[in-house]
Amino acid sequence: MIRFEGFVDIGGCRLHATVRGHGPTVVMERGADCGGVFGPLLDEVAEIASVVFYDRAGAGRSDPTATDYTVAGITANLRALLRRLPVQTPAILAGWSLTGLSVLYHACKHPEDVAGLVLIDSTPYDFFDDTSLAGRLDFLRFGIRQLLFGRGDLERFLRNGAGPAIDESLLGPYARSIEKVRRNEIKPDNFRRSCALTRDAVEAGLLPDVPILVLDAAVNTTVSARLARRKHANYRRIVELAPRGRHVLVENGSHMMSLDRPDAIVDAVREVVAATSLESG
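Residues numbered from 1 in each chain as written. Predicted model: local features only at pLDDT ≥ 70, side-chain atom pairs only at ≥ 80, totals over all residues. Heavy atoms only, no water.

On to the overall build of the protein. Scanning the protein for helices and strands turns up 10 helices and eight strands. Principal-axis analysis of the C-alpha atoms places the extent of the protein at approximately 50 × 40 × 40 Å. A fraction of 75% describes how many contacts in the protein between residues 6 or more apart in sequence connect residues 24 or more apart. Carbon and sulfur atoms make up 53% of the accessible area of the protein, which totals about 12,100 Å². Charged side chains of the protein number 34 positive and 35 negative; the gap between the two group centres comes to 5 Å. (Helix = DSSP H or I, 4+ residues; strand = E, 2+ residues; numbered from the N terminus. Contact = heavy atoms within 4.5 Å. Areas by Shrake-Rupley, 256 points an atom, 1.4 Å probe, with all protein chains shown as cover. Lys, Arg positive; Asp, Glu negative; His and termini not counted. Charge placed at Lys NZ, Arg CZ, Asp CG, Glu CD.)

Interaxial distance between helix H2 (residues 71-84) and helix H3 (residues 98-109) falls to 9 Å at its minimum, and their mutual angle equals 65°. In terms of their interaxial angle, H2 and H3 are classed as roughly perpendicular. Of the two possible hands of crossing, H2 and H3 adopt the one that is right-handed. Judged by residue contacts, Val71, Ala72, Ile74, Thr75, Leu78 and Arg79 of H2 engage Leu101, Ser102, Tyr105 and His106 from H3. Partitioning the contact of H2 with H3 into residue classes produces six nonpolar, three polar and one charged. (Axes fitted to C-alpha atoms, helices over the stretch in contact; angles between N-to-C directions. Parallel < 35°, antiparallel > 145°, perpendicular 65-115°, else oblique. Left-handed = near helix turned anticlockwise from the far one by under 90°. Nonpolar A, V, L, I, M, F, W, Y, C, P; charged D, E, K, R; others polar.)

Turning our attention to the sheet that holds strand E3 (residues 25-29). Sheet architecture is open: eight strands sit in the order E1-E2-E4-E3-E5-E6-E7-E8, paired in mixed fashion. Edge positions in the sheet fall to strand E1 (2-9) and strand E8 (245-250), since each has one partner strand and no second. Averaged over all neighbouring strand pairs, the angle between strand axes comes to 20°, with direction disregarded. Where strand E2 (residues 14-20) meets strand E4 (residues 50-54), four bridges bridge the pair, whose relative direction is antiparallel. (Pairing = 2+ DSSP bridges.)

With six of its six residues buried, strand E7 (residues 212-217) lies for the most part within the structure. Of the two faces of E7, the one lined by Ile212, Val214 and Asp216 and the one lined by Leu213, Leu215 and Ala217 are each fully buried. Pairing of strand E6 (residues 114-120) with E7 involves four bridges; the strand directions are parallel. The residue of E7 that forms the bridge with Ile120 is Leu215. (Buried < 20%, exposed > 50% of the residue type's maximum accessible area, 1.4 Å probe, protein only.)

Helix-helix packing is characterised by the crossing angle of the two axes and by the distance between the axes. Closest axis-to-axis distance for the helix H5 (residues 154-161)/helix H6 (residues 171-179) pair is 9 Å, and the angle between their directions is 115°. Our classification of the angle between H5 and H6 gives roughly perpendicular. Between H5 and H6 lies a crossing whose hand is right-handed. Residue-level inspection shows Leu154, Glu155, Leu158 and Arg159 of H5 in contact with H6, the latter providing Leu171, Gly172, Tyr174, Ala175, Ile178 and Glu179.

This part takes up the pattern of salt bridges. Under the criterion given, the structure shown has 20 salt bridges. Of the charged contacts, one joins Arg61 and Asp55 as a salt bridge, the two residues approaching to 3.3 Å between their closest N and O atoms. With relative accessibility at 5%, the residue Asp55 sits in the buried group. Across the pair Lys231 and Asp216 runs a salt bridge whose closest N-O atoms are separated by 3.2 Å. Note that Lys231 is positioned in helix H8 (residues 225-241) and Asp216 in strand E7, a separation of 15 residues in sequence. For the pair shown, Lys231 and Asp216 are each scored as buried. Bridged by salt links that share partners, the residues Glu29, Arg56 and Glu185 form one connected network. (Salt bridge = Lys/Arg side-chain N within 4 Å of Asp/Glu carboxyl O.)

As a further point, take H5. Among the residues of H5, those classed as buried are Leu154, Leu158 and Gly161. Buried residues of H5, viewed axially, fall in a sector of 75°; they line one side. Residues of H5 that are exposed and point over 90 degrees away from its buried face: Arg156 and Asn160. (Arc of directions from axis to C-beta.)

Side chains of nonpolar character tend, in soluble globular proteins, to be buried together. Of all hydrophobic cores here, the largest spans 46 residues; its most connected members are Tyr54 and Leu81. In terms of residues, this core owes the most to one element, H3, which gives seven residues. Counting residues in hydrophobic clusters, the runner-up holds 38 residues, among them Leu42, Ile92, Leu171 and Val272. (Core = buried A, V, L, I, M, F, W, Y, C linked by side-chain atoms within 4.5 Å.)

Written out as structure tokens, the structure is:
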């Protein structure tokens, strides 16, 4: 099922990429600095599409890059990669967590590249916008929690933070992927700039007229209830601005949706693939 696996020179650095399956192109982006795993769902998607799975610059097996580690740098590198892989464009981009921002930004700035989007409990682009005392305290608590996150039993943390049904076989690989995160993309300046760049692009009304599914985790264990409400509001705002956006609340799904509701991710990708295939046909 693997059509290509190896390093691709995009000019300035090499990215390690894999292409599985046949058909319309679906890019599955992991979270910040390539943390998290998708597991068997990649093979399920590969039954209906050409799945591109790659290590972003400075993470995994890929080289560091001279470009920045914000959504602008991620987009530039992905555009160069897609031009050099044996796949068709425009592509469906699926982004989880931080890369929900990058696929939104990519769609706004280069709509010719994008056939559809799937946002998997994406980072809200207004994450830093609440400068009130309550907002700053929420962000402080979130930051302390992230510091503690890397110092405990990661598998226990993931199990406690996930929904009621979890794929135990993915817990170890998921935890190891997080342990290897180099924190390039989530350094404070890069994180803030990524949110601001995405916010400005989306709020300028640049989202293209393509299918956009926003998967929203119903199980909240990663942020405060107040931040969770803001996240839900941000997703509704994206759907409001997207000509063909749809908001999906994923019951029993957490931020680690590939652990507890991989079926919801596969269903969303299938829906967007079907919609884009009807249009191209």
